[in-house]
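The chain contents come next:
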Amino acid sequence: TMATNAAFPPYEYKEGEEFKGIDVEIAAAIAEYLDMELEIADVEFGSIIGGVQSGKFDMGMAGMTVTEDRLQNVNFSSTYATGVQVVIVKEDGAVQSLDDMEGVKIGVQQDTTGHIYASDTPEKGGYGEDAVIAYKTGADAVQALITDKVQCVIIDNEPAKAFVEANKGLKILDATWVEEEYAIAIAKENTELLEKINGALDAGLEVGVYFYSQAITTEEAIEEANFVMEQVQRYDITFPIVYDWEITEADNARTSNIAPYTVTECAAAFCDT
Ligand code: ARG
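A. A look at the side chain of Gln85. With respect to the helices and strands, Gln85 occurs in strand β8 (residues 81-90). A polar contact of 3.1 Å, which involves the side chain of Gln85, links it to the side chain of Asp156. Side chain to side chain, Gln85 and Glu180 meet in a polar contact 2.8 Å long. Once residues lying within four places of it in the same chain are set aside, the contact partners of Gln85 are Thr113, Gly114, Tyr117, Ile154, Ile155, Asp156, Thr176, Trp177, Val178 and Glu180.

Quick look at the structure:
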């Protein structure tokens, strides 16, 4: 069972009753690789670590940042993505730069790193507890921004983009906060699962790295990933086989211009099929 908090697109969200998103896809690929059945429990973000610790859930995967504090309670897998904390504001709102954030109300999702950093003291780069209002989900925090209960929201960059796209009149400030790494939380005792998951992640990430070394576009990566999966299915091979693929001259010739894309995007493309 994977514990998550499915109001965090594109990592995890619900479409009707169905769980979707990058984390869900990666988890499904890991489960398939390990020949295990994936079940998903949608819980409050703040109860994921405790639930993993107590053995209620086998793993926690929720765009979850590796932090020193969390490492006291659980182990983390290898990291599979990076995130950055950003600030969402109203297009014509009171906050137009980081300098405007003194004295305004800041919305966050309860127990996230955005919450933890923002409520820290000003000496430590935060805005103090009184400035911060914590909501159950990131989506709730964004709703509070829309209805002027807060003047900005601090949240991870990819969900921020998804929320801004889905709601008119919002934008992301052109300034980045803390950089973070996402990983899967696993109980400290369960080193067996930790090793298995890391093995599966390595296999998947190799694919991402393979695409990355070609520096092709996301579209091309998806096309390529689909092609790989077709071969995998046709010949009934497991996916680490692509380890052996050689990068040809022609591949290398393509490495010049193109927009970089993340390993996560590749992994997602890879897992899609
Ligand atoms: N990366 C942040 C953290 O670890 C936010 C994660 C929130 N995830 C979620 N599924 N709601 O604290």
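B. Just the pattern of salt bridges, in detail. All told, the structure shown has five salt bridges when counted by the stated rule. Glu15 is paired through a salt bridge with Lys20; the nearest N and O atoms lie 3.3 Å apart. Where Glu44 meets Lys136, a salt bridge forms, and the shortest distance between an N and an O atom there is 3.4 Å. Highlighted residues: Glu44 in the loop between β5 (40-42) and α2 (48-53) and Lys136 in the loop between β10 (132-135) and α5 (138-146), separated in sequence by 92 residues.

C. How the structure looks around helix α6 (residues 157-166). Those residues of α6 that fall on the buried side of the exposure criterion are Asn157, Pro159, Ala160, Phe163 and Val164. End-on, the buried residues of α6 take up no more than an arc of 160°, which puts them together on one face. Of the exposed residues in α6, the ones pointing more than 90 degrees away from its buried face are Glu165 and Ala166. Packing partners of the buried residues in α6 comprise β2 (7-8), β8, α5, β11 (152-156) and β12 (170-172).

D. Structural context of the nonpolar core. The biggest cluster of nonpolar side chains holds 36 residues, and the ones touching the most others in it are Ile30, Met59, Met61, Tyr80, Ile88, Ile184 and Ile197. Mapped by element, the contributors of at least two residues to this core are α1 (22-33), β8, α5, β11, α6 and α7 (191-214).

E. Expanded view of the site of the ligand. Around the ligand sit 15 residues, and of these Ala62, Thr65, Arg70, Thr113 and Asp156 come closest. In this structure, Gly63 approaches the ligand through a main-chain N or O atom, which is 2.8 Å from a nitrogen atom. At a separation of 2.8 Å, a nitrogen atom of the ligand approaches a polar side-chain atom of Thr65. Taken by itself the ligand offers 350 Å² of open surface, and the protein chains cover 100% of this. For the shell around the ligand, the class distribution of residues is five nonpolar, six polar and four charged.

F. Geometry of the sheet that holds strand β1 (residues 2-4). Strand order in this open sheet of five strands is β5-β1-β6-β14-β7, and the pairing throughout is mixed. Each edge of the open sheet is held by one strand with a lone partner, namely β5 and β7 (74-76).

G. Molecular detail of the environment of Ile116. Along the chain, the position of Ile116 falls in helix α4 (residues 113-118). On the accessibility criterion, Ile116 (43% relative accessible area) is partly exposed. C-alpha separation for the pair Ile116 and Val132, spaced 16 residues apart in sequence, amounts to 9.8 Å.

H. A look at the packing of aromatic side chains. Taken as a whole and judged by the stated rule, the model has two aromatic pairs. Measuring from centroid to centroid gives 5.2 Å for Tyr11 and Tyr182, while their planes differ by 85°, and the two rings are edge-to-face. Here Tyr182 lies in strand β13 (residues 179-182) and Tyr11 lies in the loop between β2 and β3 (12-15), a separation of 171 residues in the sequence. Like Tyr182, Tyr11 is buried. Chaining the aromatic ring pairs together yields one cluster made of Phe8, Tyr11 and Tyr182.

Rules used in this analysis
Residues numbered from 1 in each chain as written. Predicted model: local features only at pLDDT ≥ 70, side-chain atom pairs only at ≥ 80, totals over all residues. Heavy atoms only, no water. Helix = DSSP H or I, 4+ residues; strand = E, 2+ residues; numbered from the N terminus. Polar contact = N/O pair within 3.5 Å; in protein donor to acceptor, adjacent residues only side chain to side chain. Contact = heavy atoms within 4.5 Å. Salt bridge = Lys/Arg side-chain N within 4 Å of Asp/Glu carboxyl O. Buried < 20%, exposed > 50% of the residue type's maximum accessible area, 1.4 Å probe, protein only. Arc of directions from axis to C-beta. Core = buried A, V, L, I, M, F, W, Y, C linked by side-chain atoms within 4.5 Å. Near = heavy atom within 4 Å. Areas by Shrake-Rupley, 256 points an atom, 1.4 Å probe, with all protein chains shown as cover. Nonpolar A, V, L, I, M, F, W, Y, C, P; charged D, E, K, R; others polar. Pairing = 2+ DSSP bridges. Phe/Tyr/Trp six-rings, centres within 6.5 Å; stacked < 30°, edge-to-face > 60°.

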